[in-house]
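Overview (structure and organization)
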Amino acid sequence: MSAEDDARSDRRTLIVGAATMVGLIGLGVAFGLGPAATACRALDPTPLTPDATARDVVPLAALGADDPAASVAPRLAPHPDGVLLTGPALALLGVDGAILAGATLAPPAAVVGDGAAPFAVVVGNVTTGQVDAVRPLVVGPAGVEPGACVDTSAVGSPLAFLLAAGDGEVLALRTDEDGSEAVLELRDPFRGRVWAPPVRLGTAPAGLLGARTSGGLGPDLVVVARRIAGPDDVDPAVLGLDRRDGTVRWTLTPADVRAALPPDVAALAAVRLEVAAVDAEGVVLLAAPDTGPDDALPAPVHGPLAGPDAAPVPGPVATLRLGPDGGVRTVTAGAPPVAARDRLEGSGGVWTLDAAAVRRPGASG
(Lines give C-alpha, C1' and ligand atoms only; values in the text may rest on other atoms or scores of the structure.)
Protein backbone atom coordinates (compact mmCIF):
# COMPACT_ATOMS: atom_id res chain seq x y z
CA MET A 1 0.00 0.00 0.00
CA SER A 2 1.34 3.41 -1.03
CA ALA A 3 1.77 6.42 1.25
CA GLU A 4 -1.19 8.05 -0.53
CA ASP A 5 -3.40 5.03 0.24
CA ASP A 6 -2.30 5.15 3.88
CA ALA A 7 -3.25 8.84 4.06
CA ARG A 8 -6.71 8.14 2.58
CA SER A 9 -7.25 5.33 5.12
CA ASP A 10 -6.23 7.60 7.99
CA ARG A 11 -8.60 10.34 6.78
CA ARG A 12 -11.49 7.84 6.55
CA THR A 13 -10.74 6.61 10.08
CA LEU A 14 -10.68 10.16 11.40
CA ILE A 15 -13.94 11.03 9.64
CA VAL A 16 -15.70 7.90 10.93
CA GLY A 17 -14.35 8.51 14.44
CA ALA A 18 -15.43 12.16 14.44
CA ALA A 19 -18.91 11.28 13.14
CA THR A 20 -19.27 8.57 15.78
CA MET A 21 -18.18 10.97 18.52
CA VAL A 22 -20.63 13.67 17.38
CA GLY A 23 -23.43 11.09 17.24
CA LEU A 24 -22.68 9.81 20.75
CA ILE A 25 -22.53 13.35 22.12
CA GLY A 26 -25.87 14.16 20.48
CA LEU A 27 -27.41 10.97 21.84
CA GLY A 28 -26.16 11.79 25.34
CA VAL A 29 -27.56 15.30 25.17
CA ALA A 30 -30.90 13.96 23.95
CA PHE A 31 -31.08 11.43 26.79
CA GLY A 32 -30.03 14.09 29.28
CA LEU A 33 -32.58 16.66 28.17
CA GLY A 34 -35.41 14.25 27.36
CA PRO A 35 -36.51 13.30 30.90
CA ALA A 36 -36.27 16.89 32.12
CA ALA A 37 -38.57 18.07 29.37
CA THR A 38 -40.95 15.14 29.73
CA ALA A 39 -41.91 15.76 33.37
CA CYS A 40 -43.34 19.23 32.73
CA ARG A 41 -44.78 18.24 29.36
CA ALA A 42 -46.98 15.75 31.21
CA LEU A 43 -48.62 18.70 32.96
CA ASP A 44 -49.92 20.39 29.82
CA PRO A 45 -53.69 20.31 30.53
CA THR A 46 -56.25 19.50 27.87
CA PRO A 47 -59.24 21.82 28.40
CA LEU A 48 -62.67 20.37 29.04
CA THR A 49 -65.54 21.69 26.98
CA PRO A 50 -67.78 23.59 29.44
CA ASP A 51 -71.38 22.43 29.65
CA ALA A 52 -73.74 25.30 30.30
CA THR A 53 -76.63 22.98 31.10
CA ALA A 54 -77.22 22.42 34.81
CA ARG A 55 -77.04 18.79 35.86
CA ASP A 56 -78.00 16.99 39.03
CA VAL A 57 -75.59 14.16 38.30
CA VAL A 58 -72.32 14.64 36.42
CA PRO A 59 -70.74 11.32 35.30
CA LEU A 60 -67.04 11.09 35.99
CA ALA A 61 -66.58 9.89 32.42
CA ALA A 62 -67.77 13.31 31.23
CA LEU A 63 -64.98 14.90 33.26
CA GLY A 64 -62.24 12.52 32.19
CA ALA A 65 -61.87 11.28 35.78
CA ASP A 66 -62.77 7.63 35.32
CA ASP A 67 -59.36 6.37 34.14
CA PRO A 68 -58.54 3.14 36.03
CA ALA A 69 -54.82 3.89 35.58
CA ALA A 70 -55.09 7.08 37.63
CA SER A 71 -52.58 7.38 40.48
CA VAL A 72 -54.83 9.54 42.70
CA ALA A 73 -58.50 8.94 43.44
CA PRO A 74 -61.07 11.68 42.65
CA ARG A 75 -62.11 13.91 45.51
CA LEU A 76 -64.23 17.01 46.09
CA ALA A 77 -62.73 20.34 47.16
CA PRO A 78 -64.03 23.87 47.83
CA HIS A 79 -63.71 26.70 45.30
CA PRO A 80 -64.90 30.33 45.47
CA ASP A 81 -67.23 29.78 42.49
CA GLY A 82 -68.59 26.33 43.36
CA VAL A 83 -67.03 22.90 43.82
CA LEU A 84 -63.84 21.39 42.45
CA LEU A 85 -63.35 17.82 41.39
CA THR A 86 -59.64 17.01 41.70
CA GLY A 87 -57.58 13.87 41.21
CA PRO A 88 -57.08 12.41 37.73
CA ALA A 89 -58.83 15.47 36.26
CA LEU A 90 -59.82 19.00 37.25
CA ALA A 91 -63.36 20.31 36.94
CA LEU A 92 -65.13 23.35 38.36
CA LEU A 93 -68.85 22.75 38.93
CA GLY A 94 -71.16 25.70 39.51
CA VAL A 95 -73.74 25.72 42.30
CA ASP A 96 -76.36 24.64 39.74
CA GLY A 97 -74.29 21.61 38.70
CA ALA A 98 -73.03 23.05 35.43
CA ILE A 99 -69.49 22.23 34.32
CA LEU A 100 -67.96 25.71 34.22
CA ALA A 101 -64.37 24.81 33.34
CA GLY A 102 -61.85 22.05 33.67
CA ALA A 103 -58.97 20.12 32.20
CA THR A 104 -57.79 16.55 31.82
CA LEU A 105 -54.32 15.17 32.39
CA ALA A 106 -52.74 11.86 31.44
CA PRO A 107 -51.59 9.52 34.25
CA PRO A 108 -49.43 9.66 36.29
CA ALA A 109 -50.32 13.34 36.46
CA ALA A 110 -52.96 14.40 38.98
CA VAL A 111 -54.44 17.52 40.54
CA VAL A 112 -54.21 18.19 44.29
CA GLY A 113 -55.34 20.99 46.57
CA ASP A 114 -58.27 23.36 46.51
CA GLY A 115 -59.21 27.01 46.19
CA ALA A 116 -58.81 29.07 43.05
CA ALA A 117 -55.40 27.53 42.28
CA PRO A 118 -54.96 23.78 42.81
CA PHE A 119 -51.73 22.18 41.58
CA ALA A 120 -51.04 19.60 38.91
CA VAL A 121 -48.28 17.16 39.84
CA VAL A 122 -46.55 14.27 38.12
CA VAL A 123 -46.82 11.48 40.70
CA GLY A 124 -43.60 9.50 40.69
CA ASN A 125 -44.45 7.35 43.72
CA VAL A 126 -47.66 7.50 45.73
CA THR A 127 -46.22 5.71 48.77
CA THR A 128 -43.22 7.99 49.21
CA GLY A 129 -45.06 11.07 47.96
CA GLN A 130 -42.45 11.78 45.31
CA VAL A 131 -43.60 14.16 42.60
CA ASP A 132 -41.53 14.85 39.48
CA ALA A 133 -43.07 18.15 38.42
CA VAL A 134 -45.41 20.78 39.91
CA ARG A 135 -47.59 23.30 38.05
CA PRO A 136 -50.32 25.58 39.43
CA LEU A 137 -53.63 25.61 37.57
CA VAL A 138 -55.57 28.81 38.17
CA VAL A 139 -59.20 27.82 37.54
CA GLY A 140 -62.33 29.94 37.30
CA PRO A 141 -65.49 30.24 35.20
CA ALA A 142 -63.37 31.65 32.36
CA GLY A 143 -61.24 28.51 32.16
CA VAL A 144 -58.00 26.95 33.41
CA GLU A 145 -54.79 28.96 33.20
CA PRO A 146 -51.59 26.92 33.69
CA GLY A 147 -48.81 28.60 35.67
CA ALA A 148 -45.07 28.05 35.52
CA CYS A 149 -43.98 24.42 35.85
CA VAL A 150 -41.16 23.36 38.17
CA ASP A 151 -39.41 20.17 37.09
CA THR A 152 -38.29 18.43 40.28
CA SER A 153 -36.87 15.40 38.47
CA ALA A 154 -34.21 17.27 36.49
CA VAL A 155 -30.61 16.24 37.06
CA GLY A 156 -29.15 18.30 39.88
CA SER A 157 -32.55 19.35 41.24
CA PRO A 158 -33.52 18.25 44.77
CA LEU A 159 -36.18 15.55 44.85
CA ALA A 160 -39.67 16.67 45.94
CA PHE A 161 -42.06 14.80 48.23
CA LEU A 162 -45.58 16.17 48.46
CA LEU A 163 -46.76 16.72 52.05
CA ALA A 164 -49.86 18.91 51.80
CA ALA A 165 -51.89 21.07 49.42
CA GLY A 166 -54.71 23.50 50.09
CA ASP A 167 -55.88 27.11 49.93
CA GLY A 168 -53.90 27.68 46.75
CA GLU A 169 -50.56 26.51 48.17
CA VAL A 170 -48.53 23.32 48.18
CA LEU A 171 -46.03 22.03 50.77
CA ALA A 172 -43.18 19.69 49.85
CA LEU A 173 -40.09 18.19 51.38
CA ARG A 174 -37.08 18.81 49.11
CA THR A 175 -33.94 16.74 49.61
CA ASP A 176 -30.95 15.28 47.82
CA GLU A 177 -31.00 11.60 46.87
CA ASP A 178 -29.16 10.58 50.04
CA GLY A 179 -31.66 12.45 52.24
CA SER A 180 -29.28 15.31 53.00
CA GLU A 181 -29.84 19.05 52.55
CA ALA A 182 -33.53 18.72 53.46
CA VAL A 183 -35.75 21.80 53.29
CA LEU A 184 -39.48 22.39 53.61
CA GLU A 185 -40.81 24.30 50.62
CA LEU A 186 -44.07 26.22 50.46
CA ARG A 187 -45.16 27.37 46.99
CA ASP A 188 -48.00 29.51 45.74
CA PRO A 189 -49.17 29.89 42.13
CA PHE A 190 -47.89 33.42 41.61
CA ARG A 191 -44.71 33.90 43.66
CA GLY A 192 -43.47 30.35 43.29
CA ARG A 193 -41.37 29.48 46.32
CA VAL A 194 -42.61 31.41 49.35
CA TRP A 195 -40.12 29.98 51.83
CA ALA A 196 -37.81 26.99 52.23
CA PRO A 197 -36.11 26.67 55.63
CA PRO A 198 -33.65 23.80 56.21
CA VAL A 199 -34.87 21.06 58.56
CA ARG A 200 -33.55 17.94 60.30
CA LEU A 201 -36.00 15.05 60.01
CA GLY A 202 -33.90 12.03 60.84
CA THR A 203 -31.40 10.17 58.66
CA ALA A 204 -32.55 8.03 55.73
CA PRO A 205 -32.37 7.87 51.94
CA ALA A 206 -34.67 10.34 50.20
CA GLY A 207 -37.48 7.89 49.42
CA LEU A 208 -37.66 6.61 52.99
CA LEU A 209 -37.51 10.15 54.34
CA GLY A 210 -40.41 11.15 52.09
CA ALA A 211 -42.47 8.10 53.07
CA ARG A 212 -41.87 8.76 56.76
CA THR A 213 -42.79 12.46 56.69
CA SER A 214 -46.28 13.97 56.79
CA GLY A 215 -47.56 17.54 56.74
CA GLY A 216 -50.62 19.74 57.00
CA LEU A 217 -51.61 23.33 56.24
CA GLY A 218 -53.70 25.34 58.69
CA PRO A 219 -54.96 28.94 58.48
CA ASP A 220 -51.68 30.33 59.85
CA LEU A 221 -49.75 27.23 60.90
CA VAL A 222 -47.87 24.56 58.96
CA VAL A 223 -47.21 21.28 60.78
CA VAL A 224 -44.77 18.54 59.78
CA ALA A 225 -44.40 15.20 61.58
CA ARG A 226 -42.13 12.23 61.02
CA ARG A 227 -41.52 8.65 62.12
CA ILE A 228 -39.62 8.20 65.38
CA ALA A 229 -37.47 5.22 66.34
CA GLY A 230 -34.63 4.28 68.66
CA PRO A 231 -32.96 5.92 71.66
CA ASP A 232 -30.54 7.88 69.45
CA ASP A 233 -33.38 9.61 67.59
CA VAL A 234 -33.15 13.21 68.78
CA ASP A 235 -34.12 15.33 65.75
CA PRO A 236 -37.50 17.11 66.02
CA ALA A 237 -40.45 14.74 65.61
CA VAL A 238 -43.10 17.42 65.08
CA LEU A 239 -42.56 20.99 63.90
CA GLY A 240 -44.98 23.91 63.85
CA LEU A 241 -44.04 26.68 61.41
CA ASP A 242 -45.56 30.07 60.69
CA ARG A 243 -47.37 29.79 57.36
CA ARG A 244 -46.41 33.34 56.36
CA ASP A 245 -42.63 33.09 56.58
CA GLY A 246 -41.67 29.54 57.59
CA THR A 247 -40.37 30.53 61.02
CA VAL A 248 -40.36 27.58 63.44
CA ARG A 249 -42.82 28.37 66.25
CA TRP A 250 -42.39 25.17 68.26
CA THR A 251 -41.07 21.61 68.12
CA LEU A 252 -41.73 18.31 69.86
CA THR A 253 -38.87 15.87 70.35
CA PRO A 254 -39.30 12.08 70.01
CA ALA A 255 -39.08 11.91 73.82
CA ASP A 256 -41.90 14.48 74.12
CA VAL A 257 -44.11 12.41 71.83
CA ARG A 258 -43.39 9.07 73.51
CA ALA A 259 -44.05 10.58 76.93
CA ALA A 260 -47.54 11.63 75.77
CA LEU A 261 -48.50 8.34 74.07
CA PRO A 262 -50.38 5.47 75.71
CA PRO A 263 -47.92 2.82 77.01
CA ASP A 264 -48.70 0.26 74.28
CA VAL A 265 -47.98 2.77 71.52
CA ALA A 266 -45.02 4.38 73.28
CA ALA A 267 -43.41 0.95 73.62
CA LEU A 268 -43.31 0.39 69.85
CA ALA A 269 -39.82 0.25 68.37
CA ALA A 270 -40.85 2.67 65.62
CA VAL A 271 -43.87 4.97 65.68
CA ARG A 272 -45.27 6.43 62.48
CA LEU A 273 -46.70 9.94 62.93
CA GLU A 274 -49.09 11.44 60.37
CA VAL A 275 -50.71 14.86 60.36
CA ALA A 276 -54.45 14.23 60.11
CA ALA A 277 -55.67 17.83 60.39
CA VAL A 278 -54.51 21.38 61.13
CA ASP A 279 -57.03 24.12 61.90
CA ALA A 280 -57.51 27.15 64.14
CA GLU A 281 -58.03 24.83 67.13
CA GLY A 282 -54.70 23.07 66.71
CA VAL A 283 -53.35 19.83 65.27
CA VAL A 284 -54.54 16.22 65.09
CA LEU A 285 -51.87 13.51 64.74
CA LEU A 286 -52.12 9.79 64.09
CA ALA A 287 -49.57 7.65 65.95
CA ALA A 288 -49.34 4.09 64.62
CA PRO A 289 -46.83 1.23 64.28
CA ASP A 290 -44.34 1.56 61.45
CA THR A 291 -43.54 -1.36 59.20
CA GLY A 292 -40.42 -3.42 59.73
CA PRO A 293 -37.20 -2.78 57.77
CA ASP A 294 -37.89 -5.66 55.36
CA ASP A 295 -41.62 -4.94 54.89
CA ALA A 296 -43.28 -2.87 52.21
CA LEU A 297 -43.67 0.80 53.08
CA PRO A 298 -47.15 1.68 54.34
CA ALA A 299 -49.45 3.80 52.20
CA PRO A 300 -50.30 7.26 53.55
CA VAL A 301 -53.56 7.38 55.52
CA HIS A 302 -53.88 11.17 55.41
CA GLY A 303 -52.68 13.78 52.95
CA PRO A 304 -53.18 14.63 49.27
CA LEU A 305 -52.01 11.25 47.94
CA ALA A 306 -53.84 9.02 50.44
CA GLY A 307 -56.03 6.36 48.90
CA PRO A 308 -59.74 6.06 49.71
CA ASP A 309 -59.25 2.80 51.62
CA ALA A 310 -55.96 3.59 53.36
CA ALA A 311 -55.67 2.40 56.97
CA PRO A 312 -52.93 2.38 59.63
CA VAL A 313 -50.58 -0.57 59.94
CA PRO A 314 -52.22 -3.13 62.28
CA GLY A 315 -51.40 -2.70 65.94
CA PRO A 316 -52.04 -0.21 68.74
CA VAL A 317 -52.75 3.33 67.50
CA ALA A 318 -53.49 6.64 69.19
CA THR A 319 -54.70 10.15 68.39
CA LEU A 320 -52.82 13.17 69.70
CA ARG A 321 -54.52 16.54 69.78
CA LEU A 322 -52.16 19.48 70.07
CA GLY A 323 -52.96 23.13 70.67
CA PRO A 324 -51.78 25.85 68.29
CA ASP A 325 -48.74 26.25 70.55
CA GLY A 326 -47.78 22.57 70.21
CA GLY A 327 -48.88 21.63 73.70
CA VAL A 328 -50.45 18.17 74.05
CA ARG A 329 -54.11 18.61 74.98
CA THR A 330 -55.59 15.12 74.72
CA VAL A 331 -54.41 11.63 73.82
CA THR A 332 -56.92 8.91 73.02
CA ALA A 333 -56.69 5.30 71.90
CA GLY A 334 -57.70 4.68 68.30
CA ALA A 335 -57.12 6.52 65.04
CA PRO A 336 -58.63 9.91 64.18
CA PRO A 337 -61.34 9.91 61.51
CA VAL A 338 -60.16 10.26 57.93
CA ALA A 339 -61.35 13.48 56.32
CA ALA A 340 -64.24 12.75 53.96
CA ARG A 341 -63.01 12.84 50.38
CA ASP A 342 -66.34 12.00 48.78
CA ARG A 343 -68.51 14.61 50.52
CA LEU A 344 -68.34 18.40 50.60
CA GLU A 345 -70.59 20.66 52.59
CA GLY A 346 -71.15 24.07 51.06
CA SER A 347 -72.33 25.69 47.85
CA GLY A 348 -75.94 25.21 48.89
CA GLY A 349 -75.82 21.74 50.42
CA VAL A 350 -73.88 18.50 50.59
CA TRP A 351 -72.18 17.36 47.39
CA THR A 352 -71.35 13.68 47.10
CA LEU A 353 -68.98 11.64 44.96
CA ASP A 354 -69.35 7.96 44.21
CA ALA A 355 -67.53 5.57 41.91
CA ALA A 356 -69.31 6.90 38.83
CA ALA A 357 -70.54 10.45 39.34
CA VAL A 358 -70.63 13.73 41.24
CA ARG A 359 -74.07 14.47 42.67
CA ARG A 360 -75.36 17.97 43.30
CA PRO A 361 -77.17 18.80 46.56
CA GLY A 362 -80.74 17.48 46.45
CA ALA A 363 -80.04 15.13 43.53
CA SER A 364 -81.27 11.58 43.63
CA GLY A 365 -80.74 8.43 41.61
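For the structure itself, consult the block above.
Below you will find a few notes about this structure. Note that the structure is a prediction, hence the values are computed from the model and not measured.

1. What about unusual backbone geometry?
In this structure, the amide linkage connecting Pro107 to the following residue, Pro108, adopts the cis form with an omega of 10 degrees. Following the sequence through the fold, Pro108 ends up in the loop between strand S6 (99-104) and strand S7 (109-112). Positive phi, close to 55 degrees, is recorded for Asp167, a residue that is not glycine. Structurally, the position occupied by Asp167 is in the loop between strand S12 (159-166) and strand S13 (169-175). For Glu181, which is not a glycine, the phi torsion comes out positive at approximately 55 degrees. On the secondary structure map, Glu181 appears in the loop between S13 and strand S14 (183-188).

2. Side note on the pairing of strand S20 (residues 248-252)
Side-chain positions along a regular strand alternate between the two faces of the sheet. Looking at chain direction, strand S19 (residues 238-242) and S20 are connected through four bridges and run antiparallel. The residue bridging Leu241 from the neighbouring strand is Val248, located in S20. As consecutive antiparallel partners, S19 and S20 are separated by five residues, and within that stretch Gly246 has a phi angle of approximately 80 degrees, a positive value.

3. Some thoughts on the pattern of salt bridges
All chains considered together, the criterion is met by 17 salt bridges. As a salt-bridge pair, Glu185 and Arg187 come within 3.6 Å of each other at their nearest N and O atoms. Among the residues examined, Glu185 registers a relative accessible area of 4% and is labelled buried. A salt bridge links Asp290 to Arg272, with the nearest nitrogen and oxygen atoms 4.0 Å apart. Highlighted residues: Asp290 in the loop between strand S22 (282-289) and strand S23 (318-322) and Arg272 in strand S21 (residues 270-279), separated in sequence by 18 residues. For the pair formed by Asp290 and Arg272, the shared burial category is buried. Where salt bridges share partners, they join Arg174, Glu185, Arg187 and Arg193 into one cluster.

4. Quick look at the sheet that holds S23
The strand order S18-S21-S22-S23-S24 describes an open sheet built from five strands, whose pairing is antiparallel. Every interior strand has two partners, whereas the edge strands, strand S18 (228-229) and strand S24 (328-333), have only one. Bridge count between S21 and S22: eight bridges; the pairing is antiparallel. Its bridge partner being in S22, Asp279 is matched across the sheet by Gly282.

5. Some words on the state of the cysteines
Covalent bonding between the sulfur atoms of two cysteines defines a disulfide. For the structure shown, the criterion picks out one disulfide. Note on cysteine connectivity: Cys40 is disulfide-linked to Cys149, with sulfurs 2.1 Å apart. In this structure, the disulfide formed by Cys40 and Cys149 twists by about -90 degrees around the S-S bond and is classed as left-handed. Here the residue Cys40 occupies a position in helix H1 (residues 3-41), and Cys149 occupies one in the loop between strand S10 (143-146) and strand S11 (150-151), the gap between them amounting to 109 residues.

6. Observations concerning the side chain of Thr128
Assignment of secondary structure puts Thr128 in the loop between strand S8 (119-125) and strand S9 (130-140). Among the polar contacts listed, one links the side chain of Thr128 to the backbone nitrogen of Gln130, at a separation of 3.3 Å. Other than its neighbours up to four places away in sequence, Thr128 contacts Phe161, Gly207, Gly210, Ala211 and Leu297.

7. Remarks on the sheet that holds strand S2 (residues 57-59)
The four strands lie next to each other as S2-S27-S26-S25, forming an open sheet whose pairing is antiparallel. Two strands in the sheet have a free side with no partner beyond their single neighbour: S2 and strand S25 (343-346). Between one strand axis and the next, the sheet turns through 15 degrees on average, direction left out of account.

8. So, the pairing of S6
Where strand S1 (residues 46-47) meets S6, two bridges bridge the pair, whose relative direction is antiparallel. Paired with Pro47 across the two strands is Ala103, which belongs to S6. Between strand S5 (residues 89-93) and S6, which follow one another and run antiparallel, lie five residues, and Gly97 among them has a positive phi close to 95 degrees.

Calculation rules
Residues numbered from 1 in each chain as written. Predicted model: local features only at pLDDT ≥ 70, side-chain atom pairs only at ≥ 80, totals over all residues. Heavy atoms only, no water. Helix = DSSP H or I, 4+ residues; strand = E, 2+ residues; numbered from the N terminus. Pairing = 2+ DSSP bridges. Salt bridge = Lys/Arg side-chain N within 4 Å of Asp/Glu carboxyl O. Buried < 20%, exposed > 50% of the residue type's maximum accessible area, 1.4 Å probe, protein only. Disulfide = S-S within 2.5 Å. Polar contact = N/O pair within 3.5 Å; in protein donor to acceptor, adjacent residues only side chain to side chain. Contact = heavy atoms within 4.5 Å. Axes fitted to C-alpha atoms, helices over the stretch in contact; angles between N-to-C directions.

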